[in-house]
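Chain by chain, the residues run as shown.
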Amino acid sequence: MADPKIYRASTTAPVNIAVIKYSRSPSFAQLIHYRDTDCQTYRYWGKRDPRLNLPTNSSLSVTLSQRDLRTHTTASCSSTYAGPDSLLLNGADQSLETPRSIACLKSLRSLRAELEANNTSLPTLSTLPLRIVSKNNFPTAAGLASSAAGFAALIRAIANLYELPQPPEDLSLIARQGSGSACRSLLGGYVAWDVGHADDGSDSKARIVASKEHWPEMRALILVVSAEKKAVSSTAGMQATVATSELFKARVQVVPGRMKEMEDAIKRKDFAKFARLTMKDSNNFHACCLDTEPPIRYTNDVSWAAMQVVEDMNKTSSEGDVAAYTFDAGPNAVIYYTTDNRSVVEGRFDGVLTGKEGWVSSGNGLKREPNHADETLRNGISRVIMTSVGDGPVNIQDHLINEKGEASESTT
Ligand code: ADP
């Protein structure tokens, strides 16, 4: 008789926000265009299969605390499930029939099948339909990196379910195929994603640069300008930039040096250096977006007001560079600072952000007349998230699927 057991495993996974941004290699269609129009570029990008979701350059991010932003995912499998594999995300069915999800599930199943082949006493979970339930405690597809936390949680939960022995660095090869930045969310602290050189992408994976404990003072203030769903998907935007921007070719040349400097700044806990590199890389990335045909603009006036406040603060502070802004593929600002300068940075925003959801006042208030940038921020920011550097995924016993295999509420 078939084993009727419901096998379950749950995890939480974090968001990460890059301080050195990555872009995705071109699609097949773009590669064909390159082959016909620009042989040199084709030779450069064309050697690696676009289906592997390989980056054009190495990147580096800070993993953010799951106290504030997290995905909670339960993976389960059972012979009693009718199939096909299913994912319930925030209460709505989400297709797993996408090339990215198919690639991830296939890789995880084949690792489990290897274990089963080597140990015939193991239940053959690799052949059973999967039922997955996931919840993000923050807006999905709105520029807050839900894809990173979401795919990292999916991979981690299934790897736990299958009891895979691979370290997170190896699982990052699988997560990368779901969403590039997800590979960095499998680890905590300060995490690099190395571009790698192998044609099969086997060395393009995540690596810890420094643990959270090495530099626990790092804070992130997220100014949520918009929690609307994005109009252009990040992947399509990135690929268009890589395919058409002249500036991007220069960017790819400078990033390796910048990566080394950033790793060094993190190892030495040199915030001023970290801040300059973070802002320079964000500005360089967005300049390439504007140089795309047709141009892409992710930031808006509110984002620019945030930049202005940070630039002014850095210029006038007696401590030097005390804060660093960075923007992903959307208008939301992420401002990094350390607890050493908390009163300067949070004090600068106090009064401007008072009353916004998520803002915890340092009690200083605004001690001057608000300027134009302050007013723009006050009117344009819908919500604030105050968080810090955090750990990688955490295995938990709080399941979103009950013992009967039905979706259930979290017990916490
Ligand atoms: P974001 O800026 O939030 O990363 P994207 O549009 O890049 O937005 O990615 C959103 C997509 O990521 C969703 O449509 C979904 O496919 C995937 N995703 C988000 N959260 C989860 C999750 N918890 N589990 C699985 N996939 C998820």
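Summarised in this report is the structure supplied together with it. Worth saying up front: this structure is predicted, and the values here are computed from it rather than measured.

Definitions and limits used
Residues numbered from 1 in each chain as written. Predicted model: local features only at pLDDT ≥ 70, side-chain atom pairs only at ≥ 80, totals over all residues. Heavy atoms only, no water. Helix = DSSP H or I, 4+ residues; strand = E, 2+ residues; numbered from the N terminus. Rg over C-alpha atoms; globule rule 2.2 N^0.38 Å. Buried < 20%, exposed > 50% of the residue type's maximum accessible area, 1.4 Å probe, protein only. Contact = heavy atoms within 4.5 Å. Areas by Shrake-Rupley, 256 points an atom, 1.4 Å probe, with all protein chains shown as cover. Lys, Arg positive; Asp, Glu negative; His and termini not counted. Charge placed at Lys NZ, Arg CZ, Asp CG, Glu CD. Pairing = 2+ DSSP bridges. Axes fitted to C-alpha atoms, helices over the stretch in contact; angles between N-to-C directions. Core = buried A, V, L, I, M, F, W, Y, C linked by side-chain atoms within 4.5 Å. Parallel < 35°, antiparallel > 145°, perpendicular 65-115°, else oblique. Nonpolar A, V, L, I, M, F, W, Y, C, P; charged D, E, K, R; others polar. Salt bridge = Lys/Arg side-chain N within 4 Å of Asp/Glu carboxyl O. Expected span 1.5 Å × (residues − 1). Polar contact = N/O pair within 3.5 Å; in protein donor to acceptor, adjacent residues only side chain to side chain. Phe/Tyr/Trp six-rings, centres within 6.5 Å; stacked < 30°, edge-to-face > 60°.

### A few points about the overall build of the protein chain
Then step 1. Looking only at helices and strands, one finds 11 helices and 14 strands in the protein chain.
Then step 2. The globule rule puts the C-alpha radius of gyration for 412 residues at 22 Å, and the 22 Å found for the protein chain is close to it.
Then step 3. Overall size of the protein chain, expressed as C-alpha extent along the three principal axes, is 75 × 55 × 40 Å.
Then step 4. Looking at the protein chain as a whole, 55% of its 412 residues are labelled buried.
Then step 5. Put simply, of all contacts in the protein chain between residues at least 6 apart along the chain, 76% involve residues at least 24 apart.
Then step 6. If you sum the accessible surface of the protein chain, you get close to 17,700 Å²; carbon and sulfur atoms cover 52% of it.
Then step 7. The averaged location of the 46 negative side-chain charges in the protein chain is 1 Å from the averaged location of its 46 positive side-chain charges.

### Describing the sheet that holds strand E3 (residues 59-63)
Then step 1. The sheet built from 4 strands is open, its strands ordered E2-E3-E8-E9 with antiparallel pairing. Because the sheet does not close on itself, it has two edges, and the strands there are strand E2 (16-20) and strand E9 (206-210). With direction set aside, neighbouring strand axes in the sheet form an average angle of 35 degrees.
Then step 2. Bridge count between E2 and E3: 4 bridges; the pairing is antiparallel. By the bridge assignment for E3, Asn16 is matched with Thr63.

### Quick word on the nonpolar core
Then step 1. Counting residues in hydrophobic clusters, the biggest one holds 64 residues, and the most contacted among them are Leu223, Phe274, Tyr336, Phe349 and Leu377.
Then step 2. Top contributing element to this core by residue count: helix H9 (residues 301-316), with 7 residues.
Then step 3. Grouped together as the second largest cluster of nonpolar side chains are 39 residues, Tyr22, Leu108, Ala152 and Leu164 included.

### Topic: the packing of helix H3 (residues 99-118) against helix H5 (residues 168-178)
Then step 1. Contact geometry for H3 and H5: axes closest at 7 Å, N-to-C directions at 160 degrees. Here H3 lies roughly antiparallel to H5, going by the angle between them. Together, Arg100, Ala103, Cys104, Ser107, Leu108 and Leu111 of H3 and Leu171, Ile174, Gln177 and Gly178 of H5 make up the contact between the two elements.
Then step 2. Residues belonging to the contact of H3 with H5 are distributed by class as follows: 6 nonpolar, 3 polar and 1 charged.

### Some points on the pattern of salt bridges
Then step 1. Enumeration according to the criterion identifies 23 salt bridges in this entry.
Then step 2. In this structure, Glu403 engages Arg8 in a salt bridge whose closest nitrogen and oxygen atoms are separated by 3.9 Å. Here Glu403, found in the segment after strand E14 (394-396), pairs with Arg8, found in strand E1 (residues 7-14); they are 395 residues apart in sequence, far enough to count as distant.
Then step 3. Residue Arg8 is classed as partly exposed on the basis of its relative accessible area of 29%.

### Digging into H3
Then step 1. Taking 1.5 Å of rise per residue, 20 residues should cover 28 Å, and H3 covers 29 Å from first to last C-alpha, within 8% of that figure.
Then step 2. Where H3 is buried, its residues contact strand E7 (130-136), helix H4 (146-161) and H5.

### What to know about the side chain of Thr73
Then step 1. Within the secondary structure layout, Thr73 lies in strand E4 (residues 70-77).
Then step 2. Separated by 2.8 Å, the side chains of Thr73 and Ser134 make a polar contact.
Then step 3. Apart from the residues within four sequence positions on either side, Thr73 is in contact with Ala9, Ser10, Thr11, Ile132, Val133, Ser134, Ala153, Leu154, Ala157 and Leu400.

### Description of the sheet that holds E1
Then step 1. Read from one edge of the open sheet, 6 strands run E6-E5-E7-E4-E1-E14, paired in mixed fashion. Both outer strands of the open sheet, strand E6 (92-94) and E14, are each paired with one neighbouring strand and no more. Each strand axis lies, on average, 25 degrees off the axis of its neighbour in the sheet, ignoring direction.
Then step 2. Note that E1 and E4 share 8 bridges and pair antiparallel. Its bridge partner lying in E4, Arg8 is registered against Ser76.
Then step 3. Set on the sheet, H4 makes contact with E1, E4, E7 and E14; between it and E1 the angle comes to about 150 degrees.

### Examining the environment of Leu111
Then step 1. Within the element layout of this structure, Leu111 appears in helix H3.
Then step 2. For Leu111, a relative accessible area of 19% translates into the label buried.
Then step 3. Considered as a pair, Leu111 and Phe271 are 160 residues apart in the sequence and their alpha carbons are 41 Å apart.
Then step 4. Apart from residues lying up to four places away in sequence, Leu111 is in contact with Leu164, Gln166 and Ile174.

### Notes on unusual backbone geometry
Then step 1. In the segment running from Gly83 into Pro84, the intervening peptide bond is cis, with an omega of -5 degrees.
Then step 2. Secondary-structure assignment places Pro84 in the loop between E4 and strand E5 (86-89).
Then step 3. Backbone torsion omega between Glu293 and Pro294 reads -10 degrees, so that peptide bond is classified as cis.
Then step 4. Here Pro294 is to be found in the loop between helix H8 (271-290) and H9.
Then step 5. Unusually for a residue other than glycine, Asn53 sits at a positive phi of about 55 degrees.

### Description of the packing of aromatic side chains
Then step 1. Throughout the structure, instances matching the rule amount to 6 aromatic pairs.
Then step 2. Summarising the aromatic geometry, the rings of Tyr190 and Trp215 are spaced 5.8 Å apart at their centres and angled 25 degrees between planes, so their arrangement reads as stacked. With Tyr190 in strand E8 (residues 190-193) and Trp215 in the loop between E9 and strand E10 (218-224), the pair connects residues that are 25 residues apart, well separated along the chain. Exposure class is identical for Tyr190 and Trp215. Each is buried.
Then step 3. Judged by centre distance (6.0 Å) and plane angle (50 degrees), the rings of Tyr325 and Phe327 are tilted. Note on accessibility: Tyr325 and Phe327 belong to one class, buried.

Honestly, that's just the spatial picture; any functional story needs more than this.
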